[in-house]
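# Observations on the model geometry
Listed below, chain by chain, are the residues.
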Amino acid sequence: IVLYDDVPRIDLLNSVTKLPIDRSDSIYHAFPLASDSPTVYLDVPGAVMRPGIDQVPGTATDWHSIQDYFAVSSEKHTVTVASPDVPLVQVNGINTGRWQETMLPHNGLVMSWVMNNYWFTNFPALQGGTVHYRYSLSSHAGPFDRQESTRFAKSIRQPLVALVFL
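Let me begin by describing the structure that accompanies this report. Within each chain, residue numbers correspond to sequence positions counted from 1 in written order. Thresholds applied to this predicted model are a pLDDT of at least 70 for local features of residues and 80 or more for the giving and counting of side-chain atom pairs; totals over whole chains, interfaces and linings are not thresholded and use all residues. In computing side-chain values, all of the structure's heavy atoms are included and hydrogens and water are not.

## Comments concerning the nonpolar core
The nonpolar core is taken to be a set of buried Ala, Val, Leu, Ile, Met, Phe, Trp, Tyr and Cys residues, with the residues joined through side-chain atoms within 4.5 Å. A simple rule labels every residue: compare its accessible area, found with a 1.4 Å probe on the protein chains alone, to the largest value its type can have, and call it buried under 20%, exposed over 50%, or partly exposed in between. Core analysis: the largest hydrophobic core is formed by 23 residues, its most contacted members being Phe31, Leu33, Leu42, Phe70, Val81, Tyr135 and Leu137. Think of it this way: any DSSP run of H or I at least four residues long counts as a helix, any run of E at least two long counts as a strand, and we number them from the N terminus. Looking at this core, the elements with two or more residues in it are strand E3 (26–32), strand E4 (39–44), strand E7 (69–73), strand E8 (77–82), strand E9 (88–91), strand E10 (109–116) and strand E11 (129–141). Filtering out sequence-adjacent residues up to four positions away, leucine 137 remains in contact with Pro8, Arg9, Ile10, Leu12, Phe31, Val79, Thr80, Val81 and Phe152. Grouped together as the second largest cluster of nonpolar side chains are 9 residues, Tyr41, Val48, Ala71 and Phe144 included. Residues are treated as being in contact if the distance between any of their heavy atoms lies within 4.5 Å.

See below:
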């Protein structure tokens, strides 16, 4: 966990070493971002959406893919989680295999789905070794602000580059 003196940001740097196993296997990172009447926002390609609210009825609600971040917001405050290495999330808990027709109101819990071997497409059947992944968290007062959350997440994915001229 990295805390900064002058930057409103917390970095979570994770390293997991696991054995390759040949049965169903999954790793999640839980973000229980409780608030009064929370709403979850997901940065998806070309838009920001609220799962279960801004979706076409009948589309997948078990898990979602994000571009740069997810955020949990109320009228009072917003927490943005930049996730440059882990693109899958589940909202309201672990939903794998539920095939929910509709989603319950958001409870503020977002599960970042680090890895799994449930399917043979896009995922290796055996996942072992050391995996590194990171998150950066920031918050601000007030309701969700797409520009502020996007700016924060882009700064994590595309940080400033320092050049030294001699």
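## Section: the environment of threonine 61
With respect to the secondary-structure elements, threonine 61 resides in the loop between strand E5 (47–49) and strand E6 (64–65). Residue classification places threonine 61 among the buried positions, given a relative accessible area of 4%. Separated by 40 residues in sequence, threonine 61 and glutamate 101 place their C-alpha atoms 7.4 Å apart. Residues in contact with threonine 61, not counting those within four places in the same chain, are Gln55, Asn95, Gln100, Thr102 and Met103. For this analysis, a polar contact is any N or O atom pair within 3.5 Å, provided that within protein one partner can donate a hydrogen and the other can accept it, and provided that sequence-adjacent residues contribute only side-chain to side-chain pairs. Within the structure, threonine 61 has its side chain in polar contact with the backbone oxygen of glutamine 100 (distance 3.0 Å).

## Some points on the pattern of salt bridges
Basic side-chain nitrogens of Lys or Arg form a salt bridge, by our definition, when they fall within 4 Å of a carboxyl oxygen of Asp or Glu. The full count for this structure, using the stated rule, is 7 salt bridges. We note a salt bridge from aspartate 11 to arginine 9, for which the minimum N-O separation is 2.8 Å. Of the residues examined, aspartate 11 reaches a relative accessible area of 5% and is grouped as buried. In this structure, a network of salt bridges that share partners links the residues Asp68, Lys154 and Arg157.

Function cannot be read off these values alone, since they describe shape.
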